[in-house]
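In case you want the letters, here they are:
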Amino acid sequence: RDIALWDQQSCSSPQIIFVEGKNAILELAHSLTLSLSKYEGMLPRGELSFDEEAELCREREVARFEQSLGQVEIVSNNSDNWSIIIDYSRNYRLSPLKRFIYLKFVENLDEFYKLIIDYKDYLQTVGLCVSQIQQESVINKLALIGATRISQFGKMVESDIDDPHDGAYATNYFTKVIGVHLMKP
């Protein structure tokens, strides 16, 4: 759902999903395949500009080459309306968006933190799906790294009007605080 809504054009849309465990990444890929196929019918992807189409084509061709080298696995329904790439490399990639998602395998959370630390200035929304036991420590670590919004995976693009955006409250841009200091009679 987070991938399909707004065709990943929302700043809170996922671009990369980090997954701990090889079995879990295959299960998630299967689940995303079903979900994106469903949304393809319910909420078709928007029109693509020539440049967007070229970028998606380039990313798919790179993925086909990398698949031949065993670095990635392409999960698809033979449609160009969405793409899921399971990426086993240690490279950080940005998605071309428009329902194109990378699934990155990590051995553990420490490896995940190491992969994202260099991108802390760009890190905004993180969709979280961890056990209750891990939740508090993961949230604290993500906040220290620089995440400005942490939400439940699957509800990343949902927010309240007064939720922070880029680490600040948007309502502050529309209000003016006036300090008044008068002499007391």
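Structure first, text after, so check above.
Quick caveat: nothing in here was measured; it's all calculated off a predicted structure.

Asker: What's the story with a nonpolar patch on the surface in this structure? I'm lost.
Answerer: Nonpolar side chains collect at one region of the surface, where Ile178, Val180 and Leu182 lie side by side and expose about 370 Å² of accessible area between them. With respect to the helices, strands and loops of the structure, Val180 is situated in the segment after β8 (168-169). Taking the relative accessible area as the measure of exposure, Val180 reaches 59% and is therefore exposed.

Asker: Before we go on, may I ask you to explain helix α3 (residues 109-117) in this structure?
Answerer: Because the α-helix completes a turn every 3.6 residues, residues three or four places apart line up on one side. Within α3, the full set of buried residues consists of Glu111, Phe112, Tyr113, Leu115 and Ile116. Those residues of α3 hidden inside the fold are in contact with β1 (16-20), β4 (100-106) and α4 (132-145). Of the residues flanking the start of α3, the one acting as N-cap is Asn108, its side-chain oxygen 3.2 Å from the backbone nitrogen of Asp110.

Asker: What is the right way to look at the pattern of salt bridges in this model?
Answerer: Oppositely charged side chains can form a pair if their charged atoms are brought close together. Under the counting rule described, the total for this entry stands at 11 salt bridges. With a shortest N-O distance of 2.7 Å, Arg99 and Asp7 are connected by a salt bridge. Of the two residues, Arg99 sits in the loop between β3 (83-87) and β4 while Asp7 sits in the segment before β1, which places them 92 residues apart along the sequence. Since its relative accessible area comes to 9%, Asp7 is described here as buried.

Asker: What exactly am I supposed to notice about the sheet that holds β3 here?
Answerer: Within a beta sheet, neighbouring strands are joined by backbone hydrogen bonds and run either parallel or antiparallel to one another. Read from one edge of the open sheet, four strands run β1-β4-β3-β2, paired in mixed fashion. Only two strands of the sheet have a single neighbouring strand rather than two, namely β1 and β2 (72-75). Strand-to-strand twist across the sheet, computed as the mean angle between neighbouring axes with direction ignored, equals 25°. Across five bridges, β3 lies against β4 in parallel orientation. If you follow Ile85 over to β4, its bridge partner there is Tyr102.

Asker: Just checking my understanding: could you explain the side chain of Lys104 for this structure?
Answerer: With respect to the helices and strands, Lys104 occurs in strand β4. In contact with Lys104, other than residues within four places in its own chain, are Ile16, Ile17, Phe18, Val19, Ile25, Asp87, Ser89, Arg90 and Asn91.

Asker: Any chance you could explain the environment of Val75 here in plain terms?
Answerer: You can see Val75 is positioned in strand β2. According to the relative accessible area criterion, Val75 is buried, its value standing at 15%. Distance in space between the C-alpha atoms of Val75 and Thr125 is 25 Å, their sequence separation being 50 residues.

Asker: Hey, could you run me through unusual backbone geometry in this one?
Answerer: Most peptide bonds are trans, and most residues other than glycine sit at a negative phi. Phi is positive for Leu97, which is not a glycine, with a value near 70°. In this fold, Leu97 is placed in the loop between β3 and β4. At Lys98, a residue that is not glycine, the phi angle is positive and equals roughly 60°. Relative accessible area serves as the criterion here: at 8%, Lys98 is assigned to the buried category.

Definitions and limits used
- Residues numbered from 1 in each chain as written.
- Predicted model: local features only at pLDDT ≥ 70, side-chain atom pairs only at ≥ 80, totals over all residues.
- Heavy atoms only, no water.
- Patch = residues over 30% accessible without salt bridge, like charges linked within 9 Å, V, L, I, M, F, W, Y side chains within 5 Å.
- Areas by Shrake-Rupley, 256 points an atom, 1.4 Å probe, with all protein chains shown as cover.
- Salt bridge = Lys/Arg side-chain N within 4 Å of Asp/Glu carboxyl O.
- Helix = DSSP H or I, 4+ residues; strand = E, 2+ residues; numbered from the N terminus.
- Buried < 20%, exposed > 50% of the residue type's maximum accessible area, 1.4 Å probe, protein only.
- Contact = heavy atoms within 4.5 Å.
- Polar contact = N/O pair within 3.5 Å; in protein donor to acceptor, adjacent residues only side chain to side chain.
- Pairing = 2+ DSSP bridges.
- Axes fitted to C-alpha atoms, helices over the stretch in contact; angles between N-to-C directions.

This is a description of form; function is not addressed.
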